[in-house]
Amino acid sequence: MFSGCTKFTNNQINVSGQYFDTAVSITIYGGTKDVADKCKDICSKYENMFSNKIDSSEISMININSAKGNWTSVSNETLELIKKGIEFGNISNGLFDITIGEVSQLWDFKDGNNLPDPATINEKISNVNYKNIEIDGNNVRLSNPNAKLDLGGIAKGYIADKLKEYLLSQNIDSALINLGGNVLLVGSKLDGSNFRIGIQKPFEESGETILVVNTHDKSIVTSGTYERYFYKDNKLYHHILDTHTGYPVENDLCSVTIISDSSMMGDGLSTTAFLMGLNDGLNYIESLENTEAIFIDKDLKIHTTTGLDINNNEVTIK
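Residues numbered from 1 in each chain as written. Predicted model: local features only at pLDDT ≥ 70, side-chain atom pairs only at ≥ 80, totals over all residues. Heavy atoms only, no water.

Asker: For this particular structure, what's the right way to read the overall build of the protein chain?
Answerer: For the protein chain, the count of helices and strands is 8 helices and 18 strands. Taking 318 residues into account, the globule formula puts the C-alpha radius of gyration at 20 Å, and the protein chain, at 19 Å, falls close to it. Considering only C-alpha atoms, the protein chain reaches an extent of 55 × 45 × 40 Å along its principal axes. Here the protein chain holds 318 residues, and 53% of them are scored as buried. If you sum the accessible surface of the protein chain, you get close to 14,400 Å²; carbon and sulfur atoms cover 42% of it. Looking at charge distribution, the protein chain has the averaged site of its 27 positive side-chain charges lying 3 Å from that of its 42 negative ones. (Helix = DSSP H or I, 4+ residues; strand = E, 2+ residues; numbered from the N terminus. Rg over C-alpha atoms; globule rule 2.2 N^0.38 Å. Buried < 20%, exposed > 50% of the residue type's maximum accessible area, 1.4 Å probe, protein only. Areas by Shrake-Rupley, 256 points an atom, 1.4 Å probe, with all protein chains shown as cover. Lys, Arg positive; Asp, Glu negative; His and termini not counted. Charge placed at Lys NZ, Arg CZ, Asp CG, Glu CD.)

Asker: Please explain helix H1 (residues 33-50) as it appears in this structure.
Answerer: Every α-helix carries 3.6 residues per turn, so stepping three or four residues along brings you back to the same face. Between the first and last C-alpha of H1 there are 26 Å, a value that for 18 residues agrees with the 26 Å anticipated at 1.5 Å per step. The complete set of buried residues in H1 reads Val-35, Ala-36, Cys-39, Ile-42, Cys-43, Ser-44, Tyr-46, Glu-47, Met-49 and Phe-50. (Expected span 1.5 Å × (residues − 1).)

Asker: Is there a simple way to think about the pattern of salt bridges in this case?
Answerer: Opposite charge on two side chains permits pairing when their charged atoms draw close. What the rule picks out here adds up to 10 salt bridges. The closest approach of N and O atoms between Lys-124 and Glu-102, which form a salt bridge, is 3.0 Å. Placement of Lys-124 in helix H5 (residues 118-125) and of Glu-102 in helix H4 (residues 101-104) is noted, with a sequence separation of 22 residues between them. Across the salt bridge formed by Glu-134 and Arg-141, the nearest N and O atoms sit 2.9 Å from each other. With relative accessibility at 27%, the residue Glu-134 sits in the partly exposed group. Linked through salt bridges whose partners overlap, the residues forming this network are Glu-102, Lys-124 and Lys-148. (Salt bridge = Lys/Arg side-chain N within 4 Å of Asp/Glu carboxyl O.)

Asker: Help me understand the pairing of strand S9 (residues 195-200) in this model?
Answerer: Residues Phe-195, Ile-197 and Ile-199 of S9 are buried on one face, while the alternating residues Arg-196, Gly-198 and Gln-200, pointing to the opposite face, are not. The sheet contact formed by S9 and strand S10 (residues 209-215) spans 6 bridges and is antiparallel. From the neighbouring strand, Ile-199 faces S10, where its bridge partner is Leu-211. (Pairing = 2+ DSSP bridges.)

Asker: When you look at the sheet that holds strand S4 (residues 72-73) in this model, what are you seeing that I'm missing?
Answerer: Strand pairing in a sheet relies on backbone hydrogen bonds, with the paired strands running either antiparallel or parallel. The sheet built from 3 strands is open, its strands ordered S4-S6-S5 with antiparallel pairing. Sheet topology places S4 and strand S5 (133-136) at the edges, where each strand pairs with a single neighbour. With 2 bridges joining them, S4 and strand S6 (residues 139-142) adopt antiparallel strand pairing. Following the sheet pairing, Ser-73 is matched in S6 by Asn-139.

Put into structure tokens, the structure is as follows:
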């Protein structure tokens, strides 16, 4: 659940807490306590709808009911998010798959002492196929009773977009939303200058940045191997899972950052492009309008789409 504190300083509201097992912070320039409280309510509402770790959530109910062959009636928001998940499945030819839930729950990146049993991974991975999602109006079912939904790959981005939509409706034209690495900017700073958003240097525990994105009114979302990981027998295991093997994807990338207008699109695209790998991922993002990407490989070499400029480690959109 979302919990934390709200601080007011010089017409600035800072909301912070824990949500979806990650640190959340929202900085609102202007506004009132009611606006801050509503932001908390929005986060709590959607977590209780989308989290597969909350038994009463709509996603959990789909998983539970589908195991019995039954349908689940869901809200328009949950339906919209599931349809977006299917869309990313189509875009990526199944590399991004929201039916990964049976596999993702096998991995504990907080502990890291025990690897999942290989036989169990092989058994569970056979249930991953987003094409088994059935939709009839607002009713949803998984045709494979052993499959489970996990919307963690796009849920935070969706919620960030909803927070921005709410703030704009309250005539807030300057804010910074950070949902565990999903950064969404509302307008510019109060003085009209751009926000400067740091991209973490991979595996740098001090939080040192490798690049700074100088922009406004954009979404900046990063998927990286260093966000949740552990080492076992000198091998790195991270949270970005290969939907074909059930193990962390193995390629030459450390992170992918997407700069776009929508945080949900950035959320899905950062994971999708990572799963595609450097060449295919870059080529795909290049084909999209109003979307740019920064790929950082294992040698910390930086690769970007052609719409970005880098000067003294500062990134701007051309």
